[in-house]
Amino acid sequence: MSRRAAKASWCVVIALLLAWTCYFALEDTWVRLVPLDARYQATPIPRAEIVTVGREGMGIVTLLIVGLWLIYLFRNKLWKAGFAEGAFRVIMTLACSWIIFLVLRLQGFEPSWYSLKPLIDNPRACPLIGHRILFVWLAQCAQLLRPSMDPVRLYMASQIVPILFTTYIVGRWSAIFVGSRLSFLGQVLLVVFLVPTFSYYNFYDIGIVGFFCAAFLLLYRRRYWAFVAVTGLATLNHENALLLIPVAVFSCYREVPRRQLSLIALSGLGVHLAVRGALELFMPLHTVGDMGVWANPLDLVRMPVIMVMSIGLLLPRWALAFLGLPAAPPLVRRLACVYPLLLVVTAVFGQLHEARQFDAGIPVEIGVIMCYIKRGVQRAEAEAPLTEGVAVA
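Below is a short write-up of the structure. (Residues numbered from 1 in each chain as written. Predicted model: local features only at pLDDT ≥ 70, side-chain atom pairs only at ≥ 80, totals over all residues. Heavy atoms only, no water.)

## Focus: empty space enclosed by the protein
- Enumeration according to the criterion identifies two cavities of 30 Å³ or more in this entry.
- Put simply, the largest cavity is a space of about 90 Å³.
- Considered class by class, the residues forming the lining of the largest cavity number six nonpolar, four polar and three charged.
- Reported here for the second largest cavity is a volume of approximately 30 Å³.
- For the second largest cavity, the full set of lining residues is Ile208, Phe211, Phe212, Ala234, Asn237, His238, Asn240 and Ala241.
- Of all the secondary-structure elements, those providing two or more residues to the lining of the second largest cavity are helix 11 (205–220) and helix 12 (224–237).
- Ranked by residues supplied to the lining of the second largest cavity, first place goes to helix 11 with three residues.
- Tallied by class, the residues present in the lining of the second largest cavity amount to five nonpolar, three polar and no charged. (1 Å grid on protein atoms, 1.4 Å probe; cavity = no way out; pocket = protein on both sides within 12 Å on 5 of 7 lines; lining within 4 Å. Points joined across faces, edges and corners; volume = space filled by probe spheres on them. Nonpolar A, V, L, I, M, F, W, Y, C, P; charged D, E, K, R; others polar. Helix = DSSP H or I, 4+ residues; strand = E, 2+ residues; numbered from the N terminus.)

## Some details on a nonpolar patch on the surface
- Taken together, the side chains of Val66, Leu68, Leu70, Ile71, Phe74, Leu78, Trp79 and Phe83 present a nonpolar region at the surface, about 800 Å² in accessible area.
- Here the nonpolar patch takes four residues from helix 3 (residues 47–73), the largest share from any one element.
- By the secondary structure assignment, Leu78 is in helix 4 (residues 75–78). (Patch = residues over 30% accessible without salt bridge, like charges linked within 9 Å, V, L, I, M, F, W, Y side chains within 5 Å. Areas by Shrake-Rupley, 256 points an atom, 1.4 Å probe, with all protein chains shown as cover. Salt bridge = Lys/Arg side-chain N within 4 Å of Asp/Glu carboxyl O.)

## Description of the pattern of salt bridges
- According to the stated counting rule, one finds 13 salt bridges in the structure shown.
- Salt-bridge contacts for Glu239 lead to Arg132; the nearest nitrogen and oxygen are separated by 2.5 Å. Here Arg132 lies in the loop between helix 6 (116–121) and helix 7 (134–145) and Glu239 lies in the loop between helix 12 and helix 13 (244–252), a separation of 107 residues in the sequence.
- Salt bridges sharing common partners tie together Asp28, Arg32 and Arg47.

## Some words on the packing of aromatic side chains
- This model, assessed by the stated rule, comprises 23 aromatic pairs.
- Taken together, a centroid distance of 6.5 Å and an interplanar angle of 80° make the contact between Phe109 and Trp113 edge-to-face.
- Residue Phe109 is classed as partly exposed on the basis of its relative accessible area, which comes to 37%.
- For Trp113, a relative accessible area of 57% gives the class exposed.
- Pairing Trp173 with Tyr220 gives two aromatic rings, centres 6.3 Å apart and planes at 90°, and the pair type is edge-to-face. Residue Trp173 is found in helix 9 (residues 160–178), and its partner Tyr220 is found in helix 11; the two are separated by 47 residues along the sequence.
- For Trp173, a relative accessible area of 0% puts it in the buried group.
- Note on Tyr220: relative accessible area 29%, which makes it partly exposed.
- By the ring-pair criterion, three or more aromatic residues cluster together here, those being Phe109, Trp113, Tyr114, Tyr200 and Tyr204.
- Above the ring of Tyr204, the side-chain terminus of Arg132 is found at 4.8 Å from the ring centroid.
- Here the basic side chain of Arg334 rests over the ring of Tyr253, its NZ or CZ set 5.4 Å away from the ring centre. (Phe/Tyr/Trp six-rings, centres within 6.5 Å; stacked < 30°, edge-to-face > 60°. Buried < 20%, exposed > 50% of the residue type's maximum accessible area, 1.4 Å probe, protein only. Lys NZ or Arg CZ within 6 Å of the ring centre and 35° of its normal.)

The structure is reproduced here in structure tokens:
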């Protein structure tokens, strides 16, 4: 630290000490003025609590000032290329995760048909959704730590891990195509594509996006046994993890020998069935599926506005992905086979008017758009020397 910086630091310390001295000297006057505040008049509190709030507030302000000063003091180290690049990725991951978390809390709601408390207390008593248990376990862990927490808070606590995981893995997936410096663009797209589909609270939607993205990333990197493990873990989150197996077969059939691909597919199927069998053995449910072959045509006829709204969320995503397909590698293009699978499963077992039913395709859309961006950057770089040559001439 230079002599000038040391002097400035002492000035900051002295200024803070003076501020605290002035506060304690005027604390009694401030406490007497508090009753004039309209909010205090609505909910009056004891004098001791007023004093505590004032001192804690001063402490928070002091910490903020010290933090800002330290950032300014070490700004040159923070601006170094290596540190700044890593810090940028971390901050973007946290920022996008926080936006997803905040929108989920403010936009989501607890419906009568998906009550959180019974699911947390006794999942086996909840038909259909009782086996989507992975992040329910996190809520149960939070309940053990804080038994007084209400179900919504337990639910939000359980979603911290899938939100952070999904945002991080989307960044890794995007970095394959545009590099680590621009990988945040994929995380921004995740926010744009995912948060408009939030409706009622459920434990599995965000995890589906994360697990599908992780599976696609492992397929691209040819880490097939890790893919099998992810398939098993994803099965604990939602039974549609089964779709990962035909997607893997279709997308990798040209890159992987048939015998190896058959072994991977059979292993993934075996792990999936083993997890499903264990869930049924230890947590038997009376109903594990519900047909939508009548509900979906009925909704299409009687809920046209909602259908149009959902299609309006999906069409831009799919249009952008379609335009970017020529720029994507063959394996990434073949990953788009997940869409007809999702459509069939949703038509038979789901609800077509919910855009969230197709969130598993978000990683494909982000990957294709990243490829499109990369091609655009490469073209711009290729044209730049020509433009500069014309300007010089």
